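# Report on the structure
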Amino acid sequence: MSTVDELPPAARARETRGRADWPELPRHPARRARAGWLAPRREISPAARWTLRALSLLVPLAVWVALSTSGRVDPTFLPTPAATWDAWWEMARSGELWTDTAASVRRVLLGFGLALLISVPLGFAMGTWRWALAALEPIIGLVRYWPAGAFIPLLIIWLGLGESSKLAVLVIGVVFFNTLMVAEAVRRVPQRLLEASMTLGATPGVLVRKVIFPYALPGIIDAARVNSAAAWNLVVIAELFAATSGLGYRIVRSGRFLQTDRIFAVLIVIGVIGILMDVGLRLLRDRIGRWTP
Amino acid sequence: MSAGLELAGVGKTFPGGARVLEGIDLSVAPGEFVCVAGASGSGKSTLLNLVAGLLEPTGGTVTWDGRPVTGPGPDRGLVCQTGELFPWRTVAANVAFGLELLRISRAERARRVRWYLEEVGLTAYADALPGSLSGGQRQRVAIARALACEPHVLLLDEPFGALDVQTKEDMQIFLRQVWRDTGTTVVMVTHDVEEAVFLAGRVVVLASDPGRVAADLPVDLPAERDLAVRRTPEFLALRTEVEDLVRLHHTAHTARRPG
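Small disclaimer: the values here were computed from a predicted structure and weren't measured. (Residues numbered from 1 in each chain as written. Chains lettered and ligands numbered in written order. Predicted model: local features only at pLDDT ≥ 70, side-chain atom pairs only at ≥ 80, totals over all residues. Heavy atoms only, no water.)

### Remarks on the packing of helix 3 (residues 81-94) of chain A against helix 11 (residues 260-288) of chain A
Residues and elements named next belong to chain A. Where helix 3 meets helix 11, the closest approach of the two axes is 8 Å, and the angle between their N-to-C directions is 75°. Compared by their axis directions, helix 3 and helix 11 come out roughly perpendicular. Residues Ala 83, Thr 84, Ala 87, Trp 88, Glu 90 and Met 91 of helix 3 form the contact with helix 11, whose participating residues are Asp 261, Arg 262, Phe 264, Ala 265, Val 266, Ile 268 and Val 269. For the contact of helix 3 with helix 11, a count of residues per class yields nine nonpolar, one polar and three charged. (Axes fitted to C-alpha atoms, helices over the stretch in contact; angles between N-to-C directions. Helix = DSSP H or I, 4+ residues; strand = E, 2+ residues; numbered from the N terminus. Parallel < 35°, antiparallel > 145°, perpendicular 65-115°, else oblique. Contact = heavy atoms within 4.5 Å. Nonpolar A, V, L, I, M, F, W, Y, C, P; charged D, E, K, R; others polar.)

Below, the structure written as C-alpha cells:
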C-alpha cells in the first residue's frame, strides 16, 4: 500500500475529507461529439451543400423517369416527363393555362389580401393590448381548428357558386392562423424597449406607430409568407368544387378525361408559382428586416 | 418644498404581496450625482422605476420641484443595462427619437443630435445600425438618446453591468465627463461599490427585504477624478465602508431567509 505522499496530486487531494474510496471516474477516449455527419449543426462544404440541393430535385425526377419509361406502369397512371411537357405546351399554346393561372392568382391576391386586412390589425391589437388578447384569443384559438375545406358546402349554400364563396374559403383558412402569428410577432417586442421609449416621451399612439409596428414588421411579413403558402393550397382546393376556371378546375377537368399528363403539368405549375411567391416575400422581408440579427 | 427630486416615505408592495421598498426618504438636489448601492433584492431597480414613473408607489410620494411624478416622461430619461436601442434606427436616428416627438425643426434636431454624438464620441457611427456596435458603444448611444431630451434627471439602472472591466472603466470616466459637461442630475443604481464611490457625489446604501435607506454617505473626493483616485487612502476607506454596509445588510437579508 502506497503512502499518501507517493500519490499523484489529484489522488492525494482525494485522500482527504473522506473521498478515499471513490473510484476513478471513467475517462473515455475523445468522444468525437463535433465530428462525423451526425454531429448536430456541423458545417458542410459548399460543394456538398450544392450537390445535395441538386440531388434533392434530381433524384425524384430520375425515379419518375425510370418508372414511367420502364413500361411497367400504365402511362394513364404515370405519364412520362416528355408527355407532361407536351401537355404543358399544348395548354400553354391554347392559352387555357394562362387564363387558369390568372384566375387562381387573382383569387389568391384578393382572398389573401382580404385575410391580411382582417388579421394584421386583429393580431396587432392582440399583441399590443391585454384586453384585446383576453377578448379574442379564446374564440380564435377554437375557430382555427375548423378546416376551411369543411366550410365549402356551407359557403356555397350561403354565398352561391360564384367568386365570393371561393374567396371566403381562402379567408377562413388563413385569417385565424395569421392573426395568432401576427399577435405572437407583436408580443415579441421587448417590454424594456417600450419602457425606454416611454421615458423618451412616447405616448401610446407613438409606441404603436414608432416602436411596436417597426419592431414587429419583419415578423408580420414572416407570418404572411408562411400563410401565403396555405392560401395557395386553399385556392386550388376551393376550385375543385363548382368552378369554371382556375388551376384546381383544370385538374378536376383533366381528371375527368384521365389526362394525367395534364394533371402533372398543372401540379408543376402550382409548385413553381408557390416557390416564386415565397422567394418574393423572403426578399421583401430581408429588405425590411435588414436590422434583425 | 425643496427643489429637485424628493422621495417621501415611498413604499412599493407588488400585487403578489412582495414588499420591495418601505419608507424611502431621499432627496436629490439639481445637478447632483447620486449612486444607489445595494445587494440584489434591495429594490434598487424598483426605486428607479418609481422615479421614472413606470411604476406607481403604494405609499408615499415622488416629486420633482414639488410636483408629483404621475408617469414616464422625457424629463426623467432611463437607461437600463441592455440600453434597449431601436435596432432598425441608425445611431443618429436613435438619438433623435425623443426630439422627433417634441416637434422641433429638422435643422435644430440635426444640430442637437450632432452635438450629443460628438459628446459621446460616436460621430463616425452616426449612420451605423445598433447591431454593428459594441456593448459600450450601444450604452453611449442610449445615454446620448436620453440626454438629448435634456432631462431634469438621468436615471441609470446598472448601465455598465454587462460590460467587461476595461470598457466599464472607460464608460465611468466618460459618464463623469458627460455629467460635468451637461450639468444633468444623475441617479444611478449599481451593485458595484467601487463604481458607486468613483462616480458619485453621494452614495445611498439600501438594505434588503424590504428595501430601505441604510446609509447616505457623502463622497469627499476631488471633482476631477481619474482611475488613479481609486488607489488613494480616502477612496479605499470610503469604498471599504460602503462595502461593509452593503455586505452587512445583505447578510442580514440572507440570514432571515428560511433554509
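Still to come is the rest of the account.
### What about the UniProt feature "domain: ABC transmembrane type-1" (unreviewed entry) in chain A?
In the numbering adopted here, UniProt assigns the feature "domain: ABC transmembrane type-1" (unreviewed entry) to residues 101-285 of chain A. Across residues 101-285 of chain A one finds 84% helix and 0% strand; the C-alpha atoms that close the span lie 25 Å apart. (UniProt positions renumbered as here; feature names shortened; annotations may be inferred.)

### Brief notes about empty space enclosed by the protein
All names here are of chain A. By the definition in use, this model includes four cavities of 30 Å³ or more. There is about 60 Å³ of room inside the largest cavity. Around the largest cavity, the lining residues are Ile 152, Leu 155, Ile 156, Ser 165, Lys 166, Val 169, Ala 238 and Phe 241. When grouped by side-chain class, the residues that make up the lining of the largest cavity number six nonpolar, one polar and one charged. (1 Å grid on protein atoms, 1.4 Å probe; cavity = no way out; pocket = protein on both sides within 12 Å on 5 of 7 lines; lining within 4 Å. Points joined across faces, edges and corners; volume = space filled by probe spheres on them.)

### A look at the confidence of the model for chain A
Looking at chain A as a whole, its pLDDT mean stands at 91, while 96% of the residues score no less than 70. Averaged pLDDT values over the elements of chain A bottom out at 71 in helix 1 (residues 9-15) of chain A and peak at 96 in helix 4 (residues 96-128) of chain A. (pLDDT = per-residue confidence, 0-100.)

### Observations concerning the interface of chain A and chain B
A common way to report how large an interface is uses the accessible area buried once the components associate. Facing the 17 residues of chain A at the interface are 25 residues of chain B. Interface area for chain A against chain B, summed over the two sides, is near 1800 Å², with a carbon-plus-sulfur share of 71%. Sorting the residues of chain A by area buried against chain B places A:Arg192, A:Thr199 and A:Leu200 first, and these three jointly supply 40% of that buried surface. Scanning the region where chain A abuts chain B turns up two salt bridges. Salt-bridge contacts for A:Lys210 lead to B:Glu100; the nearest nitrogen and oxygen are separated by 2.5 Å. At the boundary of chain A with chain B, the tally comes to two residue pairs in polar contact (both at pLDDT 80 or more). (Buried area = accessible area lost by both parts, 1.4 Å probe. Salt bridge = Lys/Arg side-chain N within 4 Å of Asp/Glu carboxyl O. Polar contact = N/O pair within 3.5 Å; in protein donor to acceptor, adjacent residues only side chain to side chain.)

### A closer look at the UniProt feature "transmembrane region" (unreviewed entry) in chain A
UniProt tags residues 108-129, 141-161, 167-186, 229-252 and 264-284 of chain A as "transmembrane region" (unreviewed entry). This span, residues 141-161 of chain A, is 52% helix and 0% strand, and a straight line between its end C-alpha atoms measures 29 Å.

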